[in-house]
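So the chains spell out like this:
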Number of protein chains: 2
Amino acid sequence: MKQIFEPRTVALIGASRDELSVGHGIIKNLIYGGVFKTQYNIPFKGKTYLVNPNAKSILGLKCYPSILNIKSRIDLAIIAVPASFVPSIVKDCIKKKVKGIIVISAGFSETGPKGRKLQEQILKDVTKANIPLIGPNCLGIINTKHINASFAPSTPPQGHIGFITQSGALADSIIDWAIEKNYGFSKIISVGNSASKDVSDFISYLAKDKDTKSITIYLEALNNGKKFMQAVKKCKKPIVILKGGKTDFGKEAITTHTGTLAGSYKVYNAAFKQLGITIVEDIESLFLYAKLLSEFKKIKNNIAIITNGGGCGVVTADLCSAEGINLAKLSPSTLQKLDASGKMHPAYSRSNPLDIIGDALSIRYKTALDCVLSQKNISAAIVIQTLQTMTDPVENAKVIVKLKKKYPKKPIIALFMGGKFTKAGKHYLEIYNIPVFEFPNKAVKALKALIK
Amino acid sequence: MKQIFEPRTVALIGASRDELSVGHGIIKNLIYGGVFKTQYNIPFKGKTYLVNPNAKSILGLKCYPSILNIKSRIDLAIIAVPASFVPSIVKDCIKKKVKGIIVISAGFSETGPKGRKLQEQILKDVTKANIPLIGPNCLGIINTKHINASFAPSTPPQGHIGFITQSGALADSIIDWAIEKNYGFSKIISVGNSASKDVSDFISYLAKDKDTKSITIYLEALNNGKKFMQAVKKCKKPIVILKGGKTDFGKEAITTHTGTLAGSYKVYNAAFKQLGITIVEDIESLFLYAKLLSEFKKIKNNIAIITNGGGCGVVTADLCSAEGINLAKLSPSTLQKLDASGKMHPAYSRSNPLDIIGDALSIRYKTALDCVLSQKNISAAIVIQTLQTMTDPVENAKVIVKLKKKYPKKPIIALFMGGKFTKAGKHYLEIYNIPVFEFPNKAVKALKALIK
């Protein structure tokens with residue numbers, strides 16, 4: 001797979017002048033790292049060759065009539081021509097001895113018997129030639145450190161989450177979201193119809209990839225359950241999965257989406273659990289959990305809540321209880337430290353949730369969080385900030401970032417409730433990779449994912 | 001209560017020069033409508049008198065040594081002095097024949113027997129004088145059209161949600177959030193210790209208030225269940241409630257928060273259900289549901305999903321199914337209309353979720369949404385947008401706003417997945433009061449709240 005994810009030379013067959021086309025988007029992603037500009041886009045570090053028999057050059061790059069006219073060796077061929085032309089292009093690629101192929105084009109097994117035949121044809125050829133192929137009917141792949149070989153709008157920040165998806169559109173939206181929220185990815189892989197390489201192959205690949213610390217998967221259907229189980233068993237990294245097509249409505253939707261059958265969710269679910277995979281029900285959790293699991297080992301079920309708003313502490317405590325999260329008792333020595341600090345309000349709660357009262361400035365947050373995290377049996381904290389007139393969201397965020405450094409093994413989840421006057425603090429936390437939420441429910445669920 | 005929510009003259013006893021104090025924040029809220037500037041802040045429309053025996057004037061307003069020195073009639077007295085002084089100040093207010101009192105000061109029943117005694121004292125006096133009192137130990141109240149009589153950081157947008165809360169800090173954060181998300185409020189009432197007027201009284205008040213279309217309540221404990229039931233039974237407006245202290249951790253947190261006992265949630269829950277109250281588990285849902293319920297009547301369980309991303313359609317369909325939401329079958333005439341429009345992609349799904357394919361421009365969204373909502377038995381739609389390079393989030397948002405006007409009784413929930421390049425579209429939807437979400441889970445739950 002190395003030639004697909006770290007190629008030195010790439011040929012794009014189906015390079016297009018039409019700015020709205022897929023074949024144009026891929027050129028931009030190769031040259032600039034994105035169709036839309038962001039600070040995370042990186043140009044492909046190798047050399048790009050365009051193939052288009054009807055153009056001399058596009059965006060300053062020379063066009064070749066066929067891949068066979070390119071003199072240089074080609075590591076990766078990306079194909080984005082109408083489906084009916086793909087089999088002969090694949091033959092050309094094999095003749096050219098490319099090291100890997102991505103077929104972006106749609107119009108294969110997802111469209112019916114005729115498309116299935118085309119797909120079988122290319123599969124037969126690449127199998128015989130022993131060339132790895134991604135797709136067809138996919139968005140492509142992104143290696144955030146090396147290449148954006150896709151028609152996604154842009155590249156996400158670099159980081160440690162690997163994402164394998166049976167929906168390319170999902171990847172597009174997640175990239176946009178990740179840019180805003182500073183979620184870092186190592187590789188994004190849109191598997192499409194998985195004619196040759198499938199989800200299991202990419203799990204095996206990411207299991208060995210040094211930039212990937214956790215693996216997220218959006219899965220609709222598996223062709224080979226045994227292969228999947230073997231790949232997961234060998235993988236020592238945390239895997240988080242969202243399975244589409246759990247219910248009748250979802251299964252029906254999959255039939256029209258990819259033409260595959262979703263199978264029984266019960267069977268999938270049982271297998272996932274047995275394999276130690278973290279199962280989620282919604283999209284955001286997929287990446288949130290992966291981010292947390294890539295950073296922290298699983299922790300003991302003994303957490304603390306610090307809050308400057310009593311009611312929000314109550315609601316968060318209720319949600320913890322409902323999720324089976326245990327609120328540790330504050331030890332006499334912790335209370336002593338808090339009392340001795342001279343920073344607490346006379347009416348502070350002296351219990352967990354630790355209510356540090358509405359007039360808390362950041363020094364009180366610092367003292368409280370430090371005292372609580374220094375209590376040995378407390379393994380994590382939720383820090384709640386409601387917006388009072390004296391509240392300083394950015395200073396509070398800085399306190400959290402500093403204490404994260406002091407207690408690197410104890411996750412801190414921030415719950416900064418508010419909007420206009422709170423967002424600068426939230427943004428600061430996002431930049432420093434502290435999970436931050438607006439409402440208790442998600443903060444509690446995030447912490448839940450980390451508990452043994 | 002009119003004199004509290006629509007006073008013509010207000011006296012603030014405990015006006016302070018100290019910029020970080022509660023007694024200073026209230027002055028700013030009266031004069032400017034907020035401590036922090038926003039476009040929603042409105043100055044109090046009546047006349048403000050400050051009482052502070054140690055100052056000549058604050059922020060340009062003359063200070064009086066006592067309320068008894070003010071010659072004008074006083075409708076509302078706001079008290080923000082240390083608890084031990086409150087009983088004598090209340091006596092002055094009664095002597096002055098004020099029409100209503102808000103006691104902001106803390107240090108009463110929430111602190112123990114001594115505070116309880118002080119509270120009983122003021123309660124006895126105001127009851128005898130038949131003067132309504134809010135508090136003590138509260139944030140105050142906001143009538144978004146008339147007065148900000150609180151120490152909240154600012155005023156939320158005007159609108160139709162009434163909010164009664166046993167946590168003042170919660171109100172502060174929600175105001176900040178509402179400014180960002182354009183959630184409109186009629187009245188915000190922080191009840192504090194509810195010595196005299198309690199949650200039930202405010203339900204009765206909001207039930208008759210012409211600006212309030214739905215009522216939200218954050219409740220920790222009720223002193224008088226029968227009174228509450230009577231108030232709710234008489235109220236014809238939708239009520240949404242979040243009960244703090246459902247679980248052991250939550251109950252314990254309440255004891256330190258307000259000193260009250262939370263009682264059995266089972267009993268509360270059964271009563272709420274019987275009374276037709278919408279019960280929520282998290283804070284955001286409180287206002288989201290209230291906003292939806294203030295705008296729409298409950299709808300039939302027959303909805304449609306429109307999406308430009310197959311996988312997101314699958315996940316959303318799964319979540320609908322799990323919540324018992326029915327996806328209606330697209331009728332032959334709807335499909336005929338879609339086909340005849342000439343705007344659909346050849347591979348569009350022809351089923352519900354209606355997958356209009358990743359290259360959908362806004363004209364295709366418009367055609368699809370219009371056709372689907374014109375099908376009589378479809379009562380609402382979730383519109384999903386994933387971010388492809390050709391996607392235009394603002395144009396899609398405009399389509400949704402226009403079709404909301406065409407089908408005013410059919411709720412449209414927007415699910416715009418993304419971040420940086422999507423937010424302008426989301427912001428447009430927020431301005432036009434279309435509920436918009438980033439991930440499927442919340443969109444589905446929002447729709448669920450509206451289904452009969």
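Criteria and cut-off values
Residues numbered from 1 in each chain as written. Chains lettered and ligands numbered in written order. Predicted model: local features only at pLDDT ≥ 70, side-chain atom pairs only at ≥ 80, totals over all residues. Heavy atoms only, no water. Least-squares fit on C-alpha atoms with pLDDT ≥ 70 in both. Contact = heavy atoms within 4.5 Å. Core = buried A, V, L, I, M, F, W, Y, C linked by side-chain atoms within 4.5 Å. Buried < 20%, exposed > 50% of the residue type's maximum accessible area, 1.4 Å probe, protein only. Helix = DSSP H or I, 4+ residues; strand = E, 2+ residues; numbered from the N terminus. Phe/Tyr/Trp six-rings, centres within 6.5 Å; stacked < 30°, edge-to-face > 60°. Lys NZ or Arg CZ within 6 Å of the ring centre and 35° of its normal. Pairing = 2+ DSSP bridges. Domains from an automatic or database assignment. Buried area = accessible area lost by both parts, 1.4 Å probe. Salt bridge = Lys/Arg side-chain N within 4 Å of Asp/Glu carboxyl O. Polar contact = N/O pair within 3.5 Å; in protein donor to acceptor, adjacent residues only side chain to side chain. Nonpolar A, V, L, I, M, F, W, Y, C, P; charged D, E, K, R; others polar. Axes fitted to C-alpha atoms, helices over the stretch in contact; angles between N-to-C directions. Parallel < 35°, antiparallel > 145°, perpendicular 65-115°, else oblique.

1. Regarding the relation of the copies chain A and chain B
Inference 1: Mapping chain A onto chain B calls for a rotation angle of 180° and an axial translation of 0.0 Å; the resulting RMSD is 0.0 Å. The two molecules are tied by a two-fold rotation axis, judged by turn and shift. Closest approach to the rotation axis among the C-alpha atoms of chain A is made by Lys442 of chain A, whose C-alpha sits 5.6 Å away.
Inference 2: Of the residues that chain A buries at the interface, 100% are likewise interface residues in chain B, meaning the two copies contact each other through the same surface.

2. Let's talk about the nonpolar core
Inference 1: Among the nonpolar cores identified, the biggest contains 113 residues, and Phe287, Ile303 and Ile382 of chain A together with Phe287, Ile303 and Ile382 of chain B are the most heavily contacted of them.
Inference 2: Discounting chain neighbours no more than four positions away, the residues touching Ile382 of chain B are Ile303, Ala304, Ile305, Ile306, Thr316, Cys320, Ile413, Leu415, Ala443, Val444 and Leu447 of chain B.

3. Describing the side chain of Thr367 of chain B
Inference 1: Relative to the elements of secondary structure, Thr367 of chain B occurs in helix α13 (residues 362-374).
Inference 2: Sequence-distant contacts of Thr367 of chain B, defined by excluding residues within four places in its chain, comprise Leu338, Ser341, Lys343 and Met344 of chain B.

4. Some thoughts on the packing of aromatic side chains
Inference 1: For the structure on display, the rule yields 24 aromatic pairs over all chains.
Inference 2: Taken together through their ring pairs, the aromatic side chains of Phe163, Trp177, Tyr183, Phe185 and Phe287 of chain A together with Phe439 of chain B make up a single cluster.
Inference 3: Taking the ring centre of Tyr49 of chain A as reference, the NZ or CZ of Lys47 of chain A above it sits at 5.0 Å.

5. Remarks on the sheet that holds strand β17 (residues 380-385) of chain B
Adjacent strands of a sheet form backbone hydrogen bonds with each other and so pair up, either parallel or antiparallel.
All names here are of chain B.
Inference 1: As summarised here, the arrangement of the five strands in space is β16-β15-β17-β18-β19, forming an open sheet in which the pairing is parallel. Two strands bound the open sheet, and with one partner strand each, they are β16 (354-355) and β19 (436-437).
Inference 2: Where strand β15 (residues 303-307) lies against β16, two bridges are found, and the strand directions are parallel. Considered in β16, the bridge of Thr307 is made with Asp355.

6. Details of the domain arrangement of chain A
All names here are of chain A.
Inference 1: Domain boundaries assigned for chain A yield domain 1 (2-293) and domain 2 (303-450).
Inference 2: Counting each side, the surface lost to burial between domain 1 and domain 2 is near 890 Å², with a carbon and sulfur contribution of 59%.
Inference 3: One can count two salt bridges joining domain 1 with domain 2.
Inference 4: For Glu430, the salt bridge is made with Lys181, and the minimal N-O distance between the two is 3.7 Å.
Inference 5: Between the two partners, domain 1 and domain 2, sit five residue pairs in polar contact (both at pLDDT 80 or more).
Inference 6: Those elements that place two or more of their residues in the side of domain 1 that touches domain 2 are α5 (168-181) and α10 (283-295).
Inference 7: The element best represented in the side of domain 1 that touches domain 2 is α10, accounting for six residues.
Inference 8: For the side of domain 1 that touches domain 2, the residue count by class is four nonpolar, one polar and four charged.

7. With respect to unusual backbone geometry
Inference 1: In this structure, the amide linkage connecting Gly135 of chain A to the following residue, Pro136 of chain A, adopts the cis form with an omega of -5°.
Inference 2: As for its position among the elements, Pro136 of chain A is in the loop between β7 (133-134) and β8 (140-143).
Inference 3: Geometrically, the link from Asn352 of chain B to Pro353 of chain B is a cis peptide bond, its omega value of 5° lying close to zero.
Inference 4: The phi angle at Ser194 of chain A is positive, at roughly 50°, despite the residue not being glycine.
Inference 5: Counting through the fold element by element, Ser194 of chain A comes out in the loop between β11 (185-190) and α6 (199-208).
Inference 6: Its identity is not glycine, yet Asn433 of chain B carries a phi of approximately 65°, on the positive side.
Inference 7: Tracing the backbone through its elements, the reader meets Asn433 of chain B in the loop between α15 (423-431) and β19.
Inference 8: We classify Asn433 of chain B as partly exposed; its relative accessible area is 32%.

8. Digging into the sheet that holds strand β1 (residues 9-13) of chain A
Residues and elements named next belong to chain A.
Inference 1: Here seven strands make up an open sheet; going across it, the order is β3-β4-β2-β1-β5-β6-β7 and the pairing mixed. Strands at the two margins of the open sheet, each flanked by one partner only, are β3 (57-58) and β7.
Inference 2: With two bridges connecting them, strand β2 (residues 47-51) and strand β4 (residues 61-64) associate as parallel partners. When the sheet's bridge partners are listed, Leu50 is paired in β4 with Cys63.
Inference 3: Against the sheet, helix α2 (residues 22-32) contacts β1, β2, β3, β4 and β5 (76-79), and its axis sits at roughly 165° relative to β1.

9. Topic: α2 of chain A
Residue and element names in this part refer to chain A.
Inference 1: Within α2, eight of the eleven residues are buried, which leaves it mostly tucked inside the rest of the structure.
Inference 2: For α2, the set of buried residues is Gly23, His24, Gly25, Ile26, Ile27, Lys28, Asn29 and Leu30.
Inference 3: Buried positions along α2 lie against β1, β2, β3, β5 and β9 (147-150).

10. Structural notes on the pattern of salt bridges
Inference 1: This model, assessed by the stated rule, comprises 38 salt bridges over all chains.
Inference 2: Among the salt bridges present, the one from Asp201 of chain B reaches Lys227 of chain B, with a minimum N-O distance of 2.9 Å. Separated by 26 residues along the polypeptide, Asp201 of chain B in helix α6 (residues 199-208) and Lys227 of chain B in helix α7 (residues 225-234) bring together distant segments of the chain.
Inference 3: Connected through salt bridges with shared partners, the residues Arg8, Arg73 and Asp75 of chain A form a single ionic network.

11. Some remarks on the packing of α6 of chain A against helix α7 (residues 225-234) of chain A
Residue and element names in this part refer to chain A.
Inference 1: Relative to each other, α6 and α7 sit at 10°, their axes nearing to 8 Å. The angle between α6 and α7 places the two elements in the roughly parallel class. Side by side, α6 and α7 meet where Val199, Ser200, Asp201, Ile203 and Ser204 of the first sit next to Lys227, Phe228, Ala231 and Val232 of the second.
Inference 2: Residue composition of the contact of α6 with α7, by class: five nonpolar, two polar and two charged.

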